[in-house]
Amino acid sequence: MEAFVAVFVTFMLLGSAAGSECTNSIYQSHTVRHKLLTSNNETWKKEMMSHYHLTPTDDSAWADLLPRKFLSEQHQHEWGMMYRKIKNMGASNAPQGLLKEVPLQDVRLQEGTIHGRAQQTNLEYLLMLDVDRLLWSFRKTAGLPTPGRPYEGKDSWEDPNSELRGHFVGHYLSASALMWATTQNDSMKEKMSAVVAGLSACQEKIGTGYLSAFPTEFFDRIEELKYAWAPYYTIHKILAGLLDQHTIAGNPQALEMVTRMVDYFYNRVMNVITKYTIHRHYQSMNEETGGMNDVLYRLYSITGDSKHLLLAHLFDKPCFLGLLAVQANEITGLHTNTHIPIVIGAQMRYETTGDPLYKEIGTFFMDIVNSSHSFATGGTSFGEFWGDPKRMAEAFRSAENEESCTTYNMLKVSRHLFRWTKEVSYADYYERALTNGVLSIQRGTDPGVMIYMLPLGPGVSKAKSYHSWGRPFEVFWCCYGTGIESFSKLGDSIYFEEEGNDPSLYIIQYISSSFNWKSGKILLNQTVVPAASWDPYLRVTFTFSPDEKTSTLSTLNLRIPSWTRLDGAKGILNAETLSLPTPGNFLSVTRQWNAGDKLTLQLPITIRTEALKDDRPEYASLQATLYGPYLLAGHTDDERDIKAGHTDNLRGIKAGGNADWITPVPASYNNQLVSFSQDFGNSTIVITNSKLSLAMQNLPESGTDLALHATFRLLPTESSSELSTLSDSIGKPVMLEPFDLPGMNVIHKGADQPLVIGDSSNGGASSVFLVVPGLDGRKETISLESQSNKGCYVYSGMSSGAGVKLSCNSGSEVSFNQATSFVAGKGLRQYDPISFVAKGVNRTFLLEPLFNFRDEFYTVYFDIQG
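Summarised in this report is the structure supplied together with it.

Scoring rules and cut-offs
- Residues numbered from 1 in each chain as written.
- Predicted model: local features only at pLDDT ≥ 70, side-chain atom pairs only at ≥ 80, totals over all residues.
- Heavy atoms only, no water.
- Salt bridge = Lys/Arg side-chain N within 4 Å of Asp/Glu carboxyl O.
- Buried < 20%, exposed > 50% of the residue type's maximum accessible area, 1.4 Å probe, protein only.
- Pairing = 2+ DSSP bridges.
- Helix = DSSP H or I, 4+ residues; strand = E, 2+ residues; numbered from the N terminus.
- Disulfide = S-S within 2.5 Å.
- Contact = heavy atoms within 4.5 Å.
- Axes fitted to C-alpha atoms, helices over the stretch in contact; angles between N-to-C directions.
- Polar contact = N/O pair within 3.5 Å; in protein donor to acceptor, adjacent residues only side chain to side chain.
- Expected span 1.5 Å × (residues − 1).

## Re the pattern of salt bridges
Part 1 of the reasoning: Tallied over the full model, the rule gives 36 salt bridges.
Part 2 of the reasoning: Of the charged contacts in the structure, one is a salt bridge between K154 and D155, with a shortest N-O distance of 3.3 Å.
Part 3 of the reasoning: Since its relative accessible area comes to 27%, D155 is described here as partly exposed.
Part 4 of the reasoning: The closest approach of N and O atoms between R778 and D776, which form a salt bridge, is 2.9 Å.
Part 5 of the reasoning: Residue R778 is classed as partly exposed on the basis of its relative accessible area of 37%.
Part 6 of the reasoning: Among the residues examined, D776 registers a relative accessible area of 26% and is labelled partly exposed.
Part 7 of the reasoning: One network of salt bridges, in which partners are shared, links K154, D155, R471 and E474.

Written as structure tokens, this is what we have:
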């Protein structure tokens, strides 16, 4: 019998791998669904609905073996349950030795750091959202009064007519619980408690345990194999949010609500199986169901209720997990964010039951995504789908590249794997994806402005993609939900505990923070010096405030990232130099920590290139550039050719880069950045670089491409001169270098000719200007006189859109003096501390971290020829 079962299970798993289309519609994309449901084109909608189809699963194949004419409906149910038992053979108890998550309440991010600012921006957004508006559709569905108005609109996924309404509220419950835990913000606590109470009132009014922002009719439809927009996806978000409110925020009411909801859906699913077959259940589930299996395994770990475990099994997706179980790289064409949560649920199944198959599934999945389907950010997906393995260049046919939700979920996958294995590679991945795939989706410190798809192709802009930046109260995309969660838990994967006789702590992320390590009886403070291109080291310091009563030995395990090198690396405990392991391992230090102890790490940050995961020869030279964990993007909307191997340094750029074709931008250069403005009527206009010509434009908003084009660097022409402040430039000859075009300068072609941008090596004296006090006589202004054409000055037309030229005084002296006088203020754009210039074939590129870009155009993958 055991031999038969082994052969049969193998047959079933291989059978499930035969069909790669595990999801059930060609319009699985959330974007297409939203357009479909809001369209008035009935012909198009009918045509799209005709493609609604279902793919057999391994369970359905088993069900098809049933001798139906001999067995009753009850026997059919038992037949299906028998297969579930066969698949679960060999399951054991929960695995031992996994690293423990530390309570988020015990971690505090340092204010003012990149992570601290991102968290604060998200907190501001969460507090901006209105409780009554969030609850509106829930109350409408429950038949309760609906004060206020909903978050409605044609683009809003929380609109009362959106079939996905309510999903964001579930995310809000999770995000607010996480945010309260890490900040202890009283207003956050009050607001999230009000949402839970409001939802509880809705559940009580309905009376069956059901709770959602849409009616149960949506589930009637999918059980009849008719279309509805992923209702279980939304239910997962609500269940997960309520469970987080219980486990993280300590709200017992939320757990009661979850168990009542699960009882309702358990009965509903059992009714489908009893009335039809288990095959019919899987047909109705062949849809995006979010992480239903994940949240149900989590619930079972709390309640121990076997119903919760069985229902979790019934939300595993055998047609997909079967592929991974036989280690088939057959994810091409699948909807990415439908399936990553299924893997997370499989990982939770391993942690709950100890079934080793699901450990192997999670490991293999991470391997194939990282090896064949990922970008340099750590993210994945072409829009919302996986393409062919090692064909990532195909993604650049559109600016809709990395879906933010997928990065959020891949971080969960890697987090589980690290806790199981303690392998540095998973911690390195987490750092990469968090730094580039998460921090890059927030628009600076603008609350509630995030992106759906992160563009990664040539000459792209986050503001110019199909979705562009979202709006705080008008979109509520899926990636808004995962976004508010991501920025609420930036501190949840810095520290992990290992249980044992002596406390042991793994520190896997270098993020300025404090951690109240209760089992180690230590308050640990981690301070990271912000990374900079001119100082190529990660510098981190740990200080300790132990409990006065402790005499406990404890161990710190510090990650030595794979991207560093031993040459130049240092570890110092007080005055003692530590022996460091090779990169990709942990430095372990065991001692009884004292209040005066100080542990410092200095790890070299290396520059490296990483090829695009595309094995076709024509794409072999497409490479991304990384500085440690930071993915660099170049300011360019067209050219992307770099010739590595140049030995000449750019003028004014100090040597010291890790390669001869790329050099760091010194910190002092920010003091040389300037924007030239004039007041015109009730508006302010500035000089901008407009397609290599100068023109006057209205004062741009921060973060826009125009703000970048309105920023210039003043280069002193005398080698002995240094411009530490703008006032230092008065009376000195300078050249004007556009911010995003290092190595090029403003050039004039004679009197009354427009000013243009050109190569300074060909410009000669025509690119040098003398900074003089403003001709209009005001203390705050300056004028720019041509060194080669004395008496001729940079002249504006005093209106937006007017060109800028070199002009000699030949008209009204007053108007001439006004048109040639500018306020030279601080540059509208500043260099990020991590900034480099890279020598291209035809021009030089300014490179900055991807997370620093807002609306500006950029390129991630350059054509780098050796």
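Continuing now.
## As for the sheet that holds strand β14 (residues 598-604)
Part 1 of the reasoning: Read across the open sheet, the seven strands follow the order β2-β7-β8-β9-β14-β11-β12; overall the sheet is antiparallel. In this open sheet, the two edge strands, each paired with only one partner strand, are β2 (107-109) and β12 (576-577).
Part 2 of the reasoning: Both β2 and strand β7 (residues 513-517) contribute to a ladder of three bridges, which runs antiparallel. By the bridge assignment, L109 is partnered in β7 with S513.

## Points about the state of the cysteines
Part 1 of the reasoning: Throughout the structure, instances matching the rule amount to one disulfide.
Part 2 of the reasoning: A sulfur-sulfur distance of 1.8 Å marks the disulfide that ties C792 to C808. On the S-S bond that ties C792 to C808, the torsion sits near 75 degrees, and the link is right-handed. Here C792, found in strand β29 (residues 792-796), pairs with C808, found in strand β30 (residues 804-808); they are 16 residues apart in sequence, far enough to count as distant.
Part 3 of the reasoning: Given the relative accessible area of 27%, C808 is considered partly exposed.
Part 4 of the reasoning: Free of any disulfide, C405 has its nearest cysteine sulfur in C479, 3.1 Å distant.

## Some remarks on the sheet that holds strand β6 (residues 504-507)
Part 1 of the reasoning: The sheet built from five strands is open, its strands ordered β1-β5-β6-β10-β13 with mixed pairing. Single-partner strands in this sheet number two, and they are β1 (100-101) and β13 (585-591).
Part 2 of the reasoning: The pairing of strand β5 (residues 495-498) with β6 spans four bridges and is classified as antiparallel. Across the sheet, the residue bridging to Y495 is I507, located in β6.
Part 3 of the reasoning: Contacting β1, β5, β6 and β13, helix α19 (residues 404-421) runs over the sheet at an angle of about 30 degrees to β5.
Part 4 of the reasoning: Seen against the sheet, helix α20 (residues 424-438) touches β10 (554-560) and β13 and runs at an angle of roughly 65 degrees to β10.

## Remarks on the side chain of R443
Part 1 of the reasoning: Of note, R443 is situated in the loop between α20 and β4 (453-454).
Part 2 of the reasoning: A polar contact is formed between the side chain of R443 and the backbone oxygen of S702, at a distance of 3.3 Å.
Part 3 of the reasoning: Among residues more than four places away in sequence, those in contact with R443 are V449, W469, S702, G703, T704, R854 and D855.

## Observations concerning helix α18 (residues 356-372)
Part 1 of the reasoning: Here α18 spans 24 Å end to end across 17 residues, near enough to the 24 Å set by a 1.5 Å rise per residue.
Part 2 of the reasoning: Listed as buried for α18 are Y358, I361, G362, F364, F365, M366, I368, V369 and S372.
Part 3 of the reasoning: On its buried side, α18 packs onto α16 (318-325), α17 (336-353), α19 and α20.
Part 4 of the reasoning: The opening residue of α18, the one whose side-chain oxygen lies 3.1 Å from the backbone nitrogen of L357, is D355.

## Digging into the pairing of β14
Part 1 of the reasoning: Of all seven residues in β14, five are buried; the element is thus mostly enclosed.
Part 2 of the reasoning: Pairing geometry for strand β9 (residues 537-546) and β14, over seven bridges, is antiparallel. Following the sheet pairing, Y537 is matched in β14 by P604.
Part 3 of the reasoning: In the sheet, strand β11 (residues 570-573) pairs with β14 via four bridges, with the strands oriented antiparallel. For K570, the partnering residue across the bridge sits in β14 and is Q602.

## Notes on helix α9 (residues 186-206)
Part 1 of the reasoning: The terminal C-alpha atoms of α9 lie 31 Å apart, and with 21 residues this matches the ideal 30 Å at 1.5 Å per residue to within 8%.
Part 2 of the reasoning: Among the residues making up α9, those that are buried are M188, K191, M192, V195, V196, G198, L199, S200, C202 and Q203.
Part 3 of the reasoning: Against α6 (114-128), α7 (131-142), α8 (167-183), α11 (231-247) and α12 (252-275) lie the buried residues of α9.
Part 4 of the reasoning: Residue N185 occupies the N-cap position of α9, its side-chain oxygen lying 3.0 Å from the main-chain nitrogen of S187.
Part 5 of the reasoning: Just beyond α9, the residue with positive phi is G207, at close to 90 degrees.

## Some thoughts on the environment of Y858
Part 1 of the reasoning: On the secondary structure map, Y858 appears in the loop between β33 (844-849) and β34 (862-865).
Part 2 of the reasoning: Linking Y858 and D638, residues 220 residues apart in sequence, is a C-alpha distance of 8.9 Å.
Part 3 of the reasoning: Here P455 takes part through its backbone oxygen, which lies 2.6 Å from a polar atom of the side chain of Y858.

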